[in-house]
Every structure is written in structure tokens, then in C-alpha cells.
Amino acid sequence: MSRIGRMPIAVPAGVTVSVAEGNVVTVKGPKGELKRTLRAEMIIKQEGTTITVERPSDDKLHRSLHGLTRTLLSNMVVGVTDGFKKELEVNGVGYRVAKEGKNLVMNLGYSHQVIVPEIEGITIDVPAPNKIVISGCDKQVVGQFAAEVREKRPPEPYKGKGIKYADEVIRRKVGKTGAKK
């Protein structure tokens, strides 16, 4: 039995979860509303303030979907109550970020500014010229948007310049020594 899959999901006060035909799950809460279609084979039961996920058989496919389905539901509940956020740091001489309206404007050492528009369901905050905070209620959308921003100038291993996650550790390399024969 999946250890993650058999854990119940607690639904906090102020959050409504509805499971429609074909396992279309809608979760509404203070931070927003999320809707997702989960695999129809999985059995989602709602009893009071808890949700449990069961699998129809011990097939390899059903075993692998059991924990996944429970985690997706749990992330939806956490997203509409607390939300998710990713913090990015910009390192480099002259590298800066700023928020202008709904756009994230970045100076990343190119001959032009890199402008990334804010998408629906995401809020961008720039507390400092070298810090970006991306937040939203959908974990997948927040992570994907953060990865797209990081992709504009990924960190390089020699000087550590670029955009990195706040908790990411960049493995540094030693440059050439310049020894002559």
C-alpha cells in the first residue's frame, strides 16, 4: 500500500472541495479556485472534513497513481489556503530586476532589457533589486514560471553570475591557471 496515498487530506475551514463526474475536482478557498481532472480509475471519497484516495486494484499503474492523486489533491488544498512561492536571487555586477506595472524588467548583462509579463494566477514581487518572489495558488504554474524566469540567465559555475533559486547551491569551478610550458 502506498504510504503517501493512504494518508487522509484534512480540509480546513473556509475551503470547499467538490468531486464531479469523471473525477473533476474543484477546490475553492480564500486564495482562489483550482480545478483539475484526475484519473477516473482512482476512488476519491469525501467524508466531512477529510478526503481519502483509494485505488481499485493492486496493478502497477494503480499503485503508481495512488500517491500521485493524493499529492495533487493535497497541493490543491494547500494552494487555496496558504499558496506557494518561489524566491529567486540575481547575482552579478550590474544585474538588476524591477517591476513596472505587470511586467518584470531585468537587466542581465545583455544589450537589451529582458521583459517578462506577469501571467494569470501568478503575482511577482521585487522586494530588492536582486530578489524576485513569485507566488500563486497552483504549485505547477508557480514552479514553471520560476523556471522560465531562471532560464533567461541561468547561473554559471565560474563566477556564479545569473538567476538562481534562493535555496539552490551553485557548484563552483576553478578557472584556468595560466601555467606555461
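Look above for the structure.
These numbers come from a predicted model, not from an experiment.

Asker: When you look at the pairing of strand 10 (residues 114–117) in this model, what are you seeing that I'm missing?
Answerer: Along a regular strand, successive side chains alternate from one face of the sheet to the other. Side-chain alternation along strand 10 places V114 and V116 on a buried face and I115 and P117 on a face that remains uncovered. Count of turn residues in the strand 9 (residues 103–107)/strand 10 antiparallel hairpin: six residues, of which G109 carries a positive phi of about 85°.

Asker: Quick question: what am I supposed to make of helix 2 (residues 139–150) here?
Answerer: The α-helix advances 3.6 residues per turn, and as a result positions three or four apart in sequence lie on the same side. The end-to-end C-alpha distance of helix 2, which contains 12 residues, comes to 17 Å, matching closely the 16 Å that a straight helix rising 1.5 Å per residue would cover. Every buried residue of helix 2 is listed here: V142, F145, A146 and V149. In a view along the axis of helix 2, the buried residues occupy a sector of 100°, so they form one face of it. Against the buried residues of helix 2 lie strand 7 (84–91), strand 9, strand 10, strand 11 (122–128), strand 12 (131–136) and strand 13 (162–165).

Asker: Where do I start with the sheet that holds strand 9 in this structure?
Answerer: Strand pairing in a sheet is mediated by backbone hydrogen bonds. Such pairs are either parallel or antiparallel. The strand order across the open sheet formed by three strands is 8-9-10, and the pairing between neighbours is antiparallel. At either margin of the open sheet sits one strand with a lone partner, and together these are strand 8 (96–100) and strand 10. Pairs of neighbouring strands in the sheet enclose a mean axial angle of 20°, with direction left out of account. Across five bridges, strand 8 lies against strand 9 in antiparallel orientation. What sits directly across from E100, in strand 9, is N103.

Asker: Before we go on, may I ask you to explain the environment of E87 in this structure?
Answerer: Among the secondary structure elements, E87 is positioned in strand 7. Residue E87 is classed as partly exposed on the basis of its relative accessible area, which comes to 28%. C-alpha of E87 to C-alpha of I134: the two residues are 47 residues apart in sequence and 6.4 Å apart in space. Look past the residues within four positions of E87 in its chain and what remains in contact with it is K131, I132, V133, K164, Y165 and A166. Within the structure, the side chain of E87 is placed 3.5 Å from the side chain of K85, a separation counted as a polar contact.

Asker: Would you take a moment to explain the environment of I124 for this structure?
Answerer: Mapping I124 onto the fold places it in strand 11. Judged by its relative accessible area of 5%, I124 falls in the buried class. C-alpha separation for the pair I124 and G136, spaced 12 residues apart in sequence, amounts to 9.0 Å. Those residues in contact with I124 that sit more than four places away from it in its chain are K99, L104, E118, I132, V133 and F145.

Asker: Even after reading the chapter, I still don't get the pairing of strand 2 (residues 16–20), so can you show me in this structure?
Answerer: Here strand 2 runs beside strand 3 (residues 24–29); their pairing, made up of five bridges, is antiparallel. Looking across to strand 3, one finds that A20 is bridged to V24. Taking the residues between adjacent antiparallel strands as the criterion, strand 2 and strand 3 are bridged by three residues, where G22 takes a positive phi near 80°.

Rules behind the numbers
Residues numbered from 1 in each chain as written. Predicted model: local features only at pLDDT ≥ 70, side-chain atom pairs only at ≥ 80, totals over all residues. Heavy atoms only, no water. Buried < 20%, exposed > 50% of the residue type's maximum accessible area, 1.4 Å probe, protein only. Helix = DSSP H or I, 4+ residues; strand = E, 2+ residues; numbered from the N terminus. Pairing = 2+ DSSP bridges. Expected span 1.5 Å × (residues − 1). Arc of directions from axis to C-beta. Contact = heavy atoms within 4.5 Å. Axes fitted to C-alpha atoms, helices over the stretch in contact; angles between N-to-C directions. Polar contact = N/O pair within 3.5 Å; in protein donor to acceptor, adjacent residues only side chain to side chain.

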